[in-house]
Amino acid sequence: MGYFLLFLATLSWSFVGILVKTASGMVDSTTITFARFALGIVFLGILLLLKDGKIKLRGNMKWIWLGALGKTCNYFFENLALSIGYSYGNILVGPIQTVILLLVSAFYFKEHVSTRGWMAAALCIGGVLMISWNGLPLHQMLASNGLTTILFMFSAVGTTFHVLSQKMLIQSMDAENMNFSVFFWCSLLMALPLPVQAHATGPVTGWAIVALIGLGLITGLSFNWFAQALKRVSFSVAVIVSNSGVLFTIAWSYLFFHDPITVYIIGGAGIFVAGLLLLNWPLKQSVRINKGKQAEA
């Protein structure tokens, strides 16, 4: 069951790019972001009612609001970038987030970052740069990929704050109620600009509606699937499977939208996946020491 939930979470995340791209043919990115959160809390709320018979909504903790602000920025900038760029572009968010978290750990929390950690960060940066470059001349790269890369960087900053909030909140809340509270306030934050920003970008289609529902389902349940999987499978397996989602994302982009997949995209993805594996792969001689940290990751 653990392997199934792990694969289900990884597979669902790999579909985000093509689902956002499909929905963007009907509505704007602000509406997509609101729908991801609003439908997400519906699915998560149903899960909580079935599991516990009640829902605990919290709004009196600063880390809930920091997490909500971070996750809102994460989805908003990610959806905006996917709407105007290629459907595989969100593969950049993970490695950028990893680098930011390492910098925060080193310079804000004053934690020791090993040589392996800095090497992993260098690989992540190298992979992102290769994908952003994509073999183009500098002026053409800045014109075609510069804006989307910046938007994905903003998205990564947002998800970094969400990860930090999870690290703080998980000490006093279970994962399901924590995510429900954070996503509930995210939906309210995204409802504020809707009267001004919301607009149709194309005709109403069944596939776009299905895409919005799919995004809500993924937002509401995928984090729970992954958390449950971590209780049943080894951490090293979780690292390998979850990072393989990048390959699925690239495959779906080519199959569904015929996005151009060059050797630079494949090579860059391979480089930053190597960096993510290097950072997260547990060393045999330090398994006991780092057991707690690995469980949190």
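A brief look at the structure comes next. It should be emphasised that the depicted structure is a prediction, and the values quoted were computed from it without experimental measurement.

## Overview of the overall build of the protein
In terms of helices and strands, the protein carries 15 helices and 0 strands. In the protein, which comprises 297 residues, the proportion classed as buried is 47%. Expressed as a percentage of contacts within the protein between residues at least 6 apart in sequence, the contacts between residues at least 24 apart total 87%. Total accessible area computed for the protein in this model is approximately 14,600 Å², and 71% of it derives from carbon and sulfur atoms. Of the side-chain charges in the protein, 17 are positive and 8 negative, and the distance between the mean point of each set is 10 Å.

## Regarding the packing of helix α3 (residues 29-51) against helix α9 (residues 175-191)
Across the interface, α3 lies against α9 with an axial gap of 8 Å and an inter-helix angle of 150°. As judged from the angle between their axes, α3 and α9 are roughly antiparallel. When you trace α3 past α9, the crossing you get is left-handed. Between α3, through T30, T33, F34, F37, A38, I41, L44, G45, L47, L48 and K51, and α9, the contact on the second element is made entirely by E176, N177, N179, F180, F183, F184, C186, S187, M190 and A191.

## Side note on the packing of aromatic side chains
Two aromatic rings, taken as a pair, are described by how far apart their centres are and by the angle between their planes. Applying the stated rule across the entire model yields 17 aromatic pairs. Ring geometry for Y108 and F109: centres 5.0 Å apart, planes at 85°, overall edge-to-face. Judged by relative accessible area, which is 34%, F109 ranks as partly exposed. Aromatic ring contacts, followed pair by pair, group W13, F37, Y75, F183, F223 and F226 into a single cluster. Here R36 stacks its cationic end above the ring of Y75, 3.6 Å away from the centre of that ring. Here the guanidinium or amino end of K167 rests over the ring plane of F109, the centre of that ring lying 5.6 Å away.

## Describing the packing of helix α4 (residues 62-84) against helix α8 (residues 146-169)
In the contact formed by α4 and α8, the axes pass within 7 Å of each other and the chain directions differ by 155°. Taken together, the axes of α4 and α8 are roughly antiparallel relative to one another. As for the relative orientation of α4 and α8, their crossing is left-handed in sense. Of the residues contributing to the contact of α4 with α8, the split by class is 17 nonpolar, 9 polar and 2 charged.

## Some words on the nonpolar core
Note that soluble globular proteins tend to have their nonpolar side chains buried in a common cluster. Formed by 39 residues in total, the largest nonpolar core has its most connected members in I32, L212, V246 and F272. The element best represented in this core is helix α5 (residues 93-107), accounting for 6 residues. Those residues within four positions of I32 in sequence are excluded, and the remaining contacts are V20, A23, S24, V27, N79, S83, L212 and L215. Grouped together as the second largest cluster of nonpolar side chains are 17 residues, L44, I64, A68 and M173 included.

## Here's the deal with helix α6 (residues 115-133)
Each turn of an α-helix holds 3.6 residues, which means side chains three or four residues apart point in the same direction. Between the first and last C-alpha of α6 there are 27 Å, a value that for 19 residues agrees with the 27 Å anticipated at 1.5 Å per step. All of the buried residues along α6 are G117, A120, A121, C124, G127, V128, I131 and S132. Down the axis, α6 shows its buried residues gathered within 130° of arc, on one side only. When the buried face of α6 is taken as reference, the exposed residues oriented beyond 90 degrees from it are T115 and L129. Where α6 terminates, the next one or two residues include N134, which has phi positive at roughly 55°.

## Side note on unusual backbone geometry
Most peptide bonds adopt trans geometry, and most residues besides glycine take a negative phi value. A positive phi angle, near 55°, is found at N134, a position not held by glycine. Structurally, N134 is set in the loop between α6 and α7 (138-144). N134 gets classed as buried once you look at its relative accessible area, which sits at 15%.

## Remarks on the side chain of D259
Residue position: D259 is located in the loop between α13 (245-257) and α14 (263-280). In this structure D259 is buried but unpaired, with K21 as the nearest side chain of opposite charge at 6.5 Å. Apart from the residues within four sequence positions on either side, D259 is in contact with Y86, S87, Y88, S253 and Y254.

## Focus: helix α12 (residues 235-243)
Buried residues of α12: F235, A238, V239 and N243, and no others. One face of α12 carries all of its buried residues, which in axial projection span an arc of 110°.

Calculation criteria
- Residues numbered from 1 in each chain as written.
- Predicted model: local features only at pLDDT ≥ 70, side-chain atom pairs only at ≥ 80, totals over all residues.
- Heavy atoms only, no water.
- Helix = DSSP H or I, 4+ residues; strand = E, 2+ residues; numbered from the N terminus.
- Buried < 20%, exposed > 50% of the residue type's maximum accessible area, 1.4 Å probe, protein only.
- Contact = heavy atoms within 4.5 Å.
- Areas by Shrake-Rupley, 256 points an atom, 1.4 Å probe, with all protein chains shown as cover.
- Lys, Arg positive; Asp, Glu negative; His and termini not counted.
- Charge placed at Lys NZ, Arg CZ, Asp CG, Glu CD.
- Axes fitted to C-alpha atoms, helices over the stretch in contact; angles between N-to-C directions.
- Parallel < 35°, antiparallel > 145°, perpendicular 65-115°, else oblique.
- Left-handed = near helix turned anticlockwise from the far one by under 90°.
- Phe/Tyr/Trp six-rings, centres within 6.5 Å; stacked < 30°, edge-to-face > 60°.
- Lys NZ or Arg CZ within 6 Å of the ring centre and 35° of its normal.
- Nonpolar A, V, L, I, M, F, W, Y, C, P; charged D, E, K, R; others polar.
- Core = buried A, V, L, I, M, F, W, Y, C linked by side-chain atoms within 4.5 Å.
- Expected span 1.5 Å × (residues − 1).
- Arc of directions from axis to C-beta.
- Salt bridge = Lys/Arg side-chain N within 4 Å of Asp/Glu carboxyl O.

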